[in-house]
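An overview of the molecular structure
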Amino acid sequence: MIPRLAQDGAQEVASGLNAIADSIRTLTEAIGTADLTGEAAAAVEETAAGDPTLVTDALTNVGKWSEYILIAKEKAIEFAPSLLAATIIMVLGWLVARLVTGLLRKALGKSKLDPTLVNFAASCLYFGLMTFVFIATVTKLGFDTGSFVAVIGAATFAIGFALQGSLANFAAGVMLMIFRPIREGDLIEAGGVLGKVVEIGVFATVINTLDNKRAVIANACITGGNIINYTANGRLR
């Protein structure tokens, strides 16, 4: 009698283990992983016979991974429109920046400005536009750009303060190239130097003095004082 009961109990345990193996196979198929083969199911049954809690832990882990995958899919679906919009903003912004920069180069090129000044102005415009495009793209993705803008502002202020002398010379060079009070080849007196203009640069002007010396004068010194141009009105009287 007892052996028969033991045999019946073993059959019930085996049936339960088979049911657990089938459940694991079904859950595995649901989350898109590899199916459990017959040998794998048999291995699960043997392991469960030694320690049934392993099967329970496996089922718990499978359930957790299934939840993680579902959450990831939901987040991806929610984030996809923002990612698409940010990509469109970046591409269109880049195209507009290139178009505007090209138009600026053509416009300044026809005005006979110094090529160095034209390239510098075009580069500044391009990087300025791309900075706004980048901020708009990051904002569309949902990131806080307040701190980023603050860092850019602080860095710009620090660079401007450190290069204030050079920026003053650059601004003076731009004024000389736009208003043309002096031209290359003119005999002028400016910045305490009398001589013939050889080159008008972005930051400095080169003058050959009457005793054949070359003087390099900062543009801020020229525009900050009086400029006497002996060539502008033709012959001296």
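Above this text is the structure in question.
Residues numbered from 1 in each chain as written. Predicted model: local features only at pLDDT ≥ 70, side-chain atom pairs only at ≥ 80, totals over all residues. Heavy atoms only, no water.

Further remarks concern the nonpolar core. Counting eleven residues, the largest nonpolar core consists of Leu176, Ile182, Ile188, Ala190, Val193, Val197, Ile200, Ile207, Ala215, Ile217 and Ile222. Of all the elements in the fold, those that place two or more residues in this core are strand S1 (187-190), strand S2 (193-200) and strand S4 (214-218). Among the elements that take part in this core, S2 stands out by supplying three residues, more than any other. Discounting residues that sit within four places of it in the chain, Ile222 has contacts with Leu176, Ala190, Thr205, Ile217 and Ile227. Counting eight residues, the second largest nonpolar core, distinct from the first, contains Leu113, Val118, Met177 and Val202. (Core = buried A, V, L, I, M, F, W, Y, C linked by side-chain atoms within 4.5 Å. Buried < 20%, exposed > 50% of the residue type's maximum accessible area, 1.4 Å probe, protein only. Helix = DSSP H or I, 4+ residues; strand = E, 2+ residues; numbered from the N terminus. Contact = heavy atoms within 4.5 Å.)

The next subject is the sheet that holds strand S3 (residues 204-209). Judged by pairing direction, the sheet is antiparallel, and its five strands sit side by side in the order S4-S3-S2-S1-S5 without closing on themselves. Across the chains shown, the open sheet's two edge strands, defined by having one partner strand only, are S4 and strand S5 (227-229). With direction set aside, neighbouring strand axes in the sheet form an average angle of 40°. Relative to S3, S2 runs antiparallel, the two being bridged by five bridges. Bridged to Glu199 within S3 is Val206. (Pairing = 2+ DSSP bridges. Axes fitted to C-alpha atoms, helices over the stretch in contact; angles between N-to-C directions.)

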